[in-house]
Amino acid sequence: MKKVVANMTMGNDMSPLFQEVIACMSIPDLEVKKMVYLFLINYARARAEIANLAVNGFEDDVNDPNPLIRAMAIRTMGYIYVDRVIESLIDPLRHCLRDRDPYVRKTAAMAVLKLSMFDRSLVEEEKFLDMLKDLLADGNPSVVANAVAALTEISERSPHIKLKLNMKISNKLITALNECNEWGQIYILESLMYVVPQESGDAETIIERIMPRLQHGNSGVVLVSIKVISYMMNYVAQTETLEPILRKLSPPLVTLLTSGPEVQYITLRNIQLLLQRWPTILQNQLRAFFCKYDDPIYVKLAKLEVILSLTTEDNARVVLTELSEYATEIDVDFVRKAVRSIGRIAIKIELAADRCVRALLDLIQTKVNYVVQEAIVVIRDIFRKYPNRYETIIGTLCENLDTLDEPEARAAMIWIIGQYADRIDNSDVVLGTFLESFLDDPAEVQLAMLTAVVKLFIMRPTAGQDLVPKVLKWATEQVDSPDIRDRGFIYWRLLSTDPEMARAVVLSDKPEISAEGEKIDMPLLEELLLQVGTLSSIYRKLPCTFIPFAKKRVLGPSPALTRLTIAAPPVSRLPRTGSSAMGQSKATAKQPAAEAASLAASRNSSSGFLNSSTLDVSGPGAGLSNPYINDIIPGPMHGNDTMLIDLMSMDDDEYAGDGSAAINSGGMVGFNANFGMSAMNMAGLGQTASGNGGSAQAANVAPDSQVLNSAFDAAGLDALASMSSSALPLARMNGGSSSPMPDLMRQFTSSFDLTSFGNASPVGSASANSGSLFTANGNPQMDAFQQQQQLQIQQQQSDASNSTNSAALKKEVDDLAAQMYNTGLLNNFNTTPAGASASGSAAAPYVPTQRILLDAQQTQGLEILGTFARRNGQIQMEMSFVNKSGIPIGEFAIQFNKNSYGLMPGSSLNAGTVGPMSSVEVTLPLVTGGPAMPMQPLNNLQIAIKCTAGVFYFQTQFSLHILLEESGQSDQGLFLRMWKAMPENMQTSHTAHNLRFMSMEDMRNKLNMNNVFTVAQRAVGNATHFYTSSKMIDGSVFYSEIKVANNFQAAIIVTKSANAQIIPLYQKAIEDICTAF
Amino acid sequence: MISAVFIYNQKGEVLISRLYRHDVKRSVADVFRVHVISSPTSVVRSPVTTLGSTSFFHIRYDNLWLCAVTKNNSSAALVFEFLYRLLGLGVSYFGRFDEEAVKNNFVLIYELLDEVLDFGYPQNIEVDTLKLYVTTESVRSKNVVEAPLPQSITMQATGATTWRRNDIAYKKNEAFVDVIESVNLILSAKGTVLRADVQGQIVMRSFLSGMPECKFGLNDKLVLERDSATAAARGLSALTPVAPRGLGSRAGGMGGVGDGESVEIADCQFHQCVRLGRFDTDRTISFIPPDGEFELMRYRTTENVNLPFKVLPVVREMGKTLVEYEVLIKSNFSSKLSATNMVVSIPTPPNATKCRIKVSGVGKAKYHPEENAIVWRISRFQGLQETSLTAVVDLAPMAKPVPWSRPPIALDFQVLMFTASGLLVRFLKVFEKSNYQSVKWVRYMTKAGSYEIRI
């Protein structure tokens, strides 16, 4: 038998011996049996007819008194995918699943999995799944573990079985953890990924209970625990809870770096992912990632990436010394990456840039060819980032011209020479030498050359006049690449017609570059984090990209899903206000939120757009608790030195003026503080949004009466009168439609006084008041509005419950009142029937509520509210400028930073001058086709506003529907074809609740108005299905199936698009359209 | 999960191939050989190779390649842990795990592979349990067991303590604890410490009867601070059996081990026998040990590392033909202790031709051209001593001068009865039903992990 097995291993075909081998099955010796079984596993498939002969032997063995033999028989039969064998397996398997002996039971559990791989339906028909579920409650931990593993894989591979574990089961499983062996622990922990906690408390319990696993010696256990913990952290409600958890994650990660190099590699790749999501882990652990001389190359490269992401201003110096050290090593890839990292740090951390440049120059002096080339490439990026700062080093660079043989380095060097042609004395000569090989160079170098020579000619016409015709001639006549030829022609035409224009074009300012480029997109990151420790986390690819049957994993929807995150530690000194602003924002959150809601509402309705008064401050995500937005919060602060730097240089003279303006207007903030404050505002908005999300967020917000009123302290109660009076002309200005306003306004102020001021428990009555309104009011439009009122009031209530300072509270209510000088609102509060003011029809295009873009608190009194709309095919930004300061503000100008879809203002901002305590409405047409750069999220816009009060930066997100074209209608045939053609991974499903429609007709019209075109519609039971198509300006087409319950309680939107990453935004837009007015 | 396991020899010939799932064919073994083992680039760029939807995980040991194949998005850490464990199994079964051992024991290896993985899911890889029922004539486990009842085997293989049989009996009950620390150091050329940490390992060899319940105590800062008074009292009484019978009394010989001071452990990991829940709640290390040798815990400290050696190198490149070295080494531990088997490897440029070396102090140094290094061996180096070396290296002129990458100086050494972290075993208590007396021994050793001094 041994010889047979030996030959088998060597690849010799032993199957002719089948008969004889099967005869051996009856030998009652365990060892012989094992070899026979091995033989069967190997050949039974190929020789199915003979495998049948073995069935009898198997049937004897499964009834053997020895549990080892029983188990072995079951195990072996499962491996043999031959009909007859499988058939005869079913009955014994059922017995074995209930066997006395746990060893047999655990083997049987695995056999069920084997069976399901052979024939999925068989397992379901024979009720094996239920038996597996029963095994989850088995007394023996190994059995439980195998049952869990089997269930997990069956559900992973089956299209219609979905594993869902509730807290009760998961608690039991976690208890079993303690008694399992290490592999069993892995299977059980893995299964916890199928638990969707419904409350923050559940998630916290699970985290707490599996925390001890981080001390396990098996790296598989540790990594899968980290995966579960990082998954569960998405469901935790409070950042305070997260911090200690994150602190505990770091040491095990570092410890994993002492395991074998393979595990180190896996750990490092995962650390990269975790770091991006949770930037605070591994702080001060930088040194653990320094490379050892004999680390395998893959570990070194991965360490380098982690070092780069852990670099901050404080440790930049240490890192640079270390990187310079690496740059002298042998491995070419590693050295190049080290050099490149130095450049990245220069771009990421401005204060370290000097040192980086010095380090790079030192490296260039080593004259090692590839080091020099790599260094030149990164120096080009540094020049781009910090123009006019390091030109002195050009001389050194020029010494190395002749060694450059790689296209990228050559192109970089040529770019540098071209860019600074006027400062390099012999730039023409140098370019001339490069030119010699022009026709042999790759296209990349040729393009750079072409541009550089033209730049030279423009800056130094005499020096360039010989080169230019030569290059242009070559480029247009002798080069095959159409790009080069086209660019050649363009330059030629430019130079020959209008040299001034050529100058403007060729020497225009370059947009900024940033070091954020290599970050992983948030949705992708989120999915990858559900795969910690697996292959896909190593490759940074979703499993479906390399595993055909892989299922997509998402964060299970649950009321507890918060996606909280922790602010990144500040990278450089300037934006450090960020962290403190974040802290404050918690306290101030309610205030701007209340303002936002009321003001936005009031503004909208006064300008006649009553139909858009939903509380939509939430934007596409969920605020502070949402990684998307939080990712951006440092944005405006970065703006200080990076992203928006070109905007900032709008006018330096004005800069000084701002300071004095700030003092004049009694504003307490200096120019720098503005950035922090506007960030705070963003955070504030976010915070409200999470409250809006229906969780108990609002109550968690710590009240701080001090901060509540900071903006309105000045105004206070006294200002109430002046506010309303100043609002008078304003209301008139806003249009004739609101003629009854003054009266009503007076009415309102007084009535508000009555209801809340005079009352002993003002808030309580207010909420009762609005509560009754809510029910009494039949107009759904008003409902939306009411809800928003309620929300505010709830927030106030939560304040009230926490704060005993009723004076502050009153003041807040005052502030609220001060802003509600508007008809619609007024009607509500007076409990007059609201029907009169109802004006929104379903056929109007959807315009989200204006939200506060800039808060008066941070801008010396200028408040800007805005929203985006698409009217008759024209994208508009509708803004209200409110001047709450004592001096007029004027000379408005607006500028957009590069954004995903190239949106930019279509005309200049025509806002005139806004007098003190007054406001003005502006509609700014937007056009597309401006410079584009992907933003995160894609619908993000960074905007700068300049006015006499200063330059302000903010960012906001637009609803995607404004980018949908009027030509998006598709016919049914096309729809069906496309729907079928698109695979599942381009599909996303989303559920919207509480639609605001009275009939399907309304809904269809509303959708059509917003360029979501209905292709077909059919009623199915209690629901109606719409099939819709839309086309976006960039050509992306969306096909959706919208299933709407007939009571409009909920709708399921299933969307397919080739451009899968923006589907969530699209669906969000549909949801907003359907739930808002 | 794992679809197949292959073992190759150095040349890439398949020694063992076991398929667990039908989604791979035997021929994928060739794919791995072609793409990885005999790939023209000599350095392996990644331990994981994915071709299409098939992923190959490999580790190397001796002259073998161990490779696991998966077709799904499996947990990479699990697969590697399995391969490590498989390796351990081989070493434990055959003493050496190399091509010859594999060839001589392939039947046994197949049996093991059948047992440790079921349908690609690792099941039970505990040597002790496996030896109960996976045996052949060629290798018998040390303690010959008279065929136990199959029921007891299965209970063992699925029970809560899969790592221990319950019928072990010794005449003399002994437990040996080895604290082995590896010091990792990266020192910059200017002498600043870039990274210093200690990776400790506590290896236990238990020869205890029955199902002993052990409790283990260290001078862990967290524990000591919590209840210093009671802990100290308990520690002293418990230490008495340990210390006098151990290698010399603690007060006299243990100059290098911190006395009564506590150690801050950054992180630790335990053998699966340790009850993690208990450790998490009150930091007690309690366990039922496997029989024989096992690694009880691993730990890591980064604070207050006592570096046993200070190295002060001066390396000057004098033009293109000469390099001068001055290396001074100071030992930084009690003079009662000494380091043994010390090797200092001082790299030289690849084009070195001749070395003139002078050692003033202990040890002998020799130029090894094949390693591009001066190797300085010191068989015994006492504490608080110093020794130095000067060398002048001649360089051959090169047609195309390549700058020298200046690899770091590397040290290798062992210091007995010294822990760089200051860690100390405070007690080891053994409780067993029969209440026997047991003897415990503790030994400390510090050795070099990667002890690098850049020049």
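Numbers given for residues are sequential positions, taken from 1 along each chain in its written order. Note on labels: chains are lettered from A, ligands numbered from 1, in written order. Only residues with pLDDT of at least 70 get local features here, since the model is predicted, and only at 80 or more are side-chain atom pairs given and counted; chain-wide, interface and lining totals rely on the full set of residues. Water and hydrogen atoms were dropped before computing side-chain values, which therefore reflect all heavy atoms in the structure.

### Topic: the overall build of chain B
Moving on, step 1. Along chain B, the regular secondary structure elements total ten helices and 23 strands.
Moving on, step 2. Relative to its full complement of 455 residues, chain B shows a buried share of 58%.
Moving on, step 3. Throughout, a residue-residue contact means that at least one pair of heavy atoms, one from each residue, lies within 4.5 Å. The contacts of chain B with a sequence gap of at least 6 include a subset with a gap of at least 24, amounting to 72%. We count a stretch as a helix when DSSP gives it H or I for four or more residues in a row; a strand needs E for two or more, and each element gets its number in order from the N terminus. With a 1.4 Å probe rolled over the protein chains alone, any residue whose accessible area is under 20% of its type maximum counts as buried; one over 50% counts as exposed, and the rest are partly exposed.

### So, the interface of chain B and chain A
Quoted interface sizes are often the accessible area lost when the parts come together.
Moving on, step 1. Every contact between the two is made by 92 residues of chain B and, on the other side, 96 residues of chain A.
Moving on, step 2. With both sides pooled, the region where chain B packs onto chain A buries about 8000 Å², and carbon together with sulfur makes up 54% of that total.
Moving on, step 3. Salt bridge criterion: a side-chain nitrogen from Lys or Arg within 4 Å of a carboxyl oxygen from Asp or Glu. Across the contact surface, chain B and chain A share six salt bridges.
Moving on, step 4. We note a salt bridge from A:Glu153 to B:Arg21, for which the minimum N-O separation is 2.6 Å.
Moving on, step 5. Here a polar contact means two N or O atoms within 3.5 Å. Within protein one must be a hydrogen donor candidate and the other an acceptor candidate, and residues neighboring in sequence count only if both atoms are side-chain atoms. For the pair chain B and chain A, the interface holds 37 residue pairs in polar contact (both at pLDDT 80 or more).
Moving on, step 6. All residues other than Ala, Val, Leu, Ile, Met, Phe, Trp, Tyr, Cys, Pro, Asp, Glu, Lys and Arg, Gly among them, are scored as polar; the first ten of these are nonpolar and the last four charged. A per-class count over the side of chain B that touches chain A returns 41 nonpolar, 30 polar and 21 charged. Buried area is understood as the total, over both parts, of accessible area removed when two parts are fitted together, assessed with a 1.4 Å probe.

### Some points on the packing of aromatic side chains
Moving on, step 1. In this scheme Phe, Tyr and Trp rings, the latter by its six-membered ring, pair at centre separations within 6.5 Å, and the angle between planes marks the pair as stacked below 30 degrees, edge-to-face above 60, and tilted otherwise. According to the stated counting rule, one finds 33 aromatic pairs over all chains in the structure shown.
Moving on, step 2. Between A:Phe438 and A:Trp474, the aromatic rings sit 5.7 Å apart at their centres with planes inclined by 10°, giving stacked as the arrangement. Of this pair, A:Phe438 sits in the loop between helix 24 (427-435) and helix 25 (443-459) while A:Trp474 sits in helix 27 (residues 467-478), and the two are 36 residues apart along the sequence.
Moving on, step 3. Three or more aromatic residues link up through ring pairs in this structure, and these residues are B:Phe309, B:Phe333, B:Phe381, B:Phe413, B:Phe418 and B:Tyr451.
Moving on, step 4. In our convention, an over-ring charge means Lys NZ or Arg CZ found within 6 Å of a ring centre and within 35 degrees of that ring's normal. Here the guanidinium or amino end of A:Arg277 rests over the ring plane of A:Trp278, the centre of that ring lying 4.2 Å away.
Moving on, step 5. One cation-aromatic arrangement involves A:Lys1056 over A:Trp979; the distance from NZ or CZ to the ring centre is 4.8 Å.

### Describing the environment of A:Ala338
Residue and element names in this part refer to chain A.
Moving on, step 1. Tracing the sequence through the fold places Ala338 in helix 19 (residues 332-348).
Moving on, step 2. By relative accessible area, which is 0% here, Ala338 ends up buried.
Moving on, step 3. Apart from residues lying up to four places away in sequence, Ala338 is in contact with Leu304, Leu323, Tyr326 and Ala327.

### Let's talk about the confidence of the model for chain A
Moving on, step 1. The predicted model of chain A has a mean per-residue pLDDT of 71, with 73% of residues at 70 or higher.
Moving on, step 2. This stretch, residues 816-842 of chain A, has a pLDDT under 50; its non-local contacts, to residues over four places away or in other chains, come to 72 contacts. What pLDDT expresses is the predictor's confidence in each residue, scored from 0 to 100.

### Digging into empty space enclosed by the protein
Moving on, step 1. A 1.4 Å probe that fits into a set of points on a 1 Å grid over the protein atoms alone but cannot get out defines a cavity; an open set with protein on both sides within 12 Å along at least five of seven lines defines a pocket, and lining residues are those with an atom within 4 Å of a point. Grid points are joined across faces, edges and corners, and a volume is the space filled by probe spheres set on the points. In this structure, the largest cavity occupies an estimated 400 Å³ of space.
Moving on, step 2. Lining the largest cavity are 25 residues, with A:Glu156, A:Glu190, A:Arg553, B:Asn72 and B:Asn73 positioned closest to its centre.
Moving on, step 3. Of all the secondary-structure elements, those providing two or more residues to the lining of the largest cavity are helix 10 (141-157) and helix 12 (182-191) of chain A.
Moving on, step 4. Per element, the largest residue contribution to the lining of the largest cavity is five residues, and it comes from helix 10 of chain A.

### Some thoughts on the pattern of salt bridges
Residue and element names in this part refer to chain A.
Moving on, step 1. Across all of its chains, the model carries 49 salt bridges over all chains by this definition.
Moving on, step 2. For Lys473, the salt bridge goes to Glu477, with nearest N and O atoms at 3.3 Å. Residue Lys473 and its partner Glu477 are both found in helix 27; the two are separated by four residues, about one turn of the helix.
Moving on, step 3. Glu477 sits in the exposed class, given a relative accessible area of 52%.
Moving on, step 4. Here the salt bridges do not stand alone but share partners, grouping Arg336, Arg340, Glu374, Glu406 and Glu408 into one network.

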